[in-house]
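# Descriptive structure summary
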Amino acid sequence: MTVSHAPPPATPSVTVEEPPPRTPPDLEAVTPANVRRSRLPAAPRWVRRTVGPLLLLAVWQVSSATGILHPDVLASPGTIARAGADLVADGTLPSAMGVSLQRVVAGLLLGGTIGTALALVSGLSRLGEDLVDATVQMLRTVPWVGLIPLFIIWLGIGEAPKVALIALGVAFHLYLNVYAGIRGVDAQLIEAGTSLGLGRWGLVRHVVLPGAMTGLRYSLATAWLALVFGESINADAGIGFLMNQAREFFRTDVIVVCLVVYAFLGLTADVIVRILERLLLQWRPTFTGQ
């Protein structure tokens, strides 16, 4: 008996129509605001930093020219520039600068030596700390400007009280920074120096003392401040002497010239110390002077 198998019914073909390709929407490129700003030509930084001072000078000059600012109150920038040129031409200003520099250098050397020596004694020895630190901490709270009458009584009215006043202000700043440098030095640096064969004084010379450059910068600022007060003690030469003379004759132009010279000398000294920092402190991991 033959059994015939009927073929299976044909499956109807289903045609699936693919959707038409989607056209992406038009996208507009978005440029960040900071990129858009960077396309504009930017002025050099030194130009931007001079805008404020130049604007101040312009307002000052206009106020003087229109009579808003009386010459007896403050001379105009042009008058001050002419006064400075006259003082340089007749040699008065260079001579005064030389005298003031001698006083600052003498006070800086004396005060720096005393402050560093006391810091080494106090920082390297517990006995030295017990004997020195409490006394120095007590004395540094005394306003050193208030010691001017005592200095006049003890040292007279010559150069000695002026130099002593500068040395006193310098000594306290250097003491605090050198002492902090000794007690806060990294133990790994001590270990590295010891492995290289450095002794105790070698570590002080190569590790501790270079770190006192920050204290030297503060000391220089204090030295110029002390000079201003010191040269008010019966000075017969120096920048302070010029200022006292100008005060007697209401010469505000000469007073401003002397103030500008003080600022210039202080800024120059600070730049020198910064250069020394870059030379001496490149080994520090946190140094960012490059």
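Our subject in this report is the structure included herewith. Per chain, the residues get numbers from 1 upward, laid out in the order the sequence is written. Per-residue local features of the predicted model are confined to residues with pLDDT of at least 70, and side-chain atom pairs are confined, for both listing and counting, to 80 or more; whole-chain, interface and lining totals are unaffected and use all residues. With hydrogens and water stripped out, all remaining heavy atoms of the structure feed into the side-chain values.

## Observations concerning the overall build of the protein
Each helix is a run of H or I in the DSSP string that is no shorter than four residues. Each strand is a run of E no shorter than two, and both are numbered from the N terminus. For the protein, the helix and strand inventory stands at 12 helices and 0 strands. Helices (α) and strands (β) of the protein occur, in sequence order from the N terminus, as α-α-α-α-α-α-α-α-α-α-α-α. The contacts of the protein with a sequence gap of at least 6 include a subset with a gap of at least 24, amounting to 71%. Entry remark: accessible area of the protein is about 19,500 Å², with carbon and sulfur atoms responsible for 66%. Residue contacts are defined here by distance: any two heavy atoms, one from each residue, within 4.5 Å place the two residues in contact. In short, Shrake-Rupley with a 1.4 Å probe defines the accessible areas, and a residue's cover is counted only from the protein chains shown.

## Some points on the pattern of salt bridges
Think of a salt bridge as a Lys or Arg side-chain nitrogen and an Asp or Glu carboxyl oxygen that are within 4 Å of each other. Under the criterion given, the structure shown has 4 salt bridges. A salt bridge links Glu-231 to Arg-103, with the nearest nitrogen and oxygen atoms 2.8 Å apart. Of the two residues, Glu-231 sits in the loop between α10 (213-230) and α11 (239-248) while Arg-103 sits in helix α4 (residues 92-124), which places them 128 residues apart along the sequence. Note on accessibility: Glu-231 and Arg-103 belong to one class, buried. Put simply, Arg-103, Glu-159 and Glu-231 are held in one network by salt bridges that share partners. Only protein chains enter the accessibility calculation, which uses a 1.4 Å probe. A residue is then buried if its area is under 20% of the maximum for its type, exposed if over 50%, and partly exposed in between.

## Focus: the nonpolar core
Here, the term nonpolar core denotes a set of buried Ala, Val, Leu, Ile, Met, Phe, Trp, Tyr and Cys residues that are joined through side-chain atoms within 4.5 Å. Within the largest apolar cluster, 35 residues are counted, with the highest numbers of intra-cluster contacts made by Ile-166, Trp-224, Ile-239 and Val-257. Among the elements of the structure, α3 (77-89), α4, α6 (148-155), α7 (159-183), α10, α11 and α12 (252-280) are those that each provide at least two residues to this core. Per-element tally for this core: the top contributor is α12, with 9 residues. Judged by nonpolar contacts, the second largest core, of 9 residues, contains Ala-119, Leu-120, Val-136 and Tyr-179.

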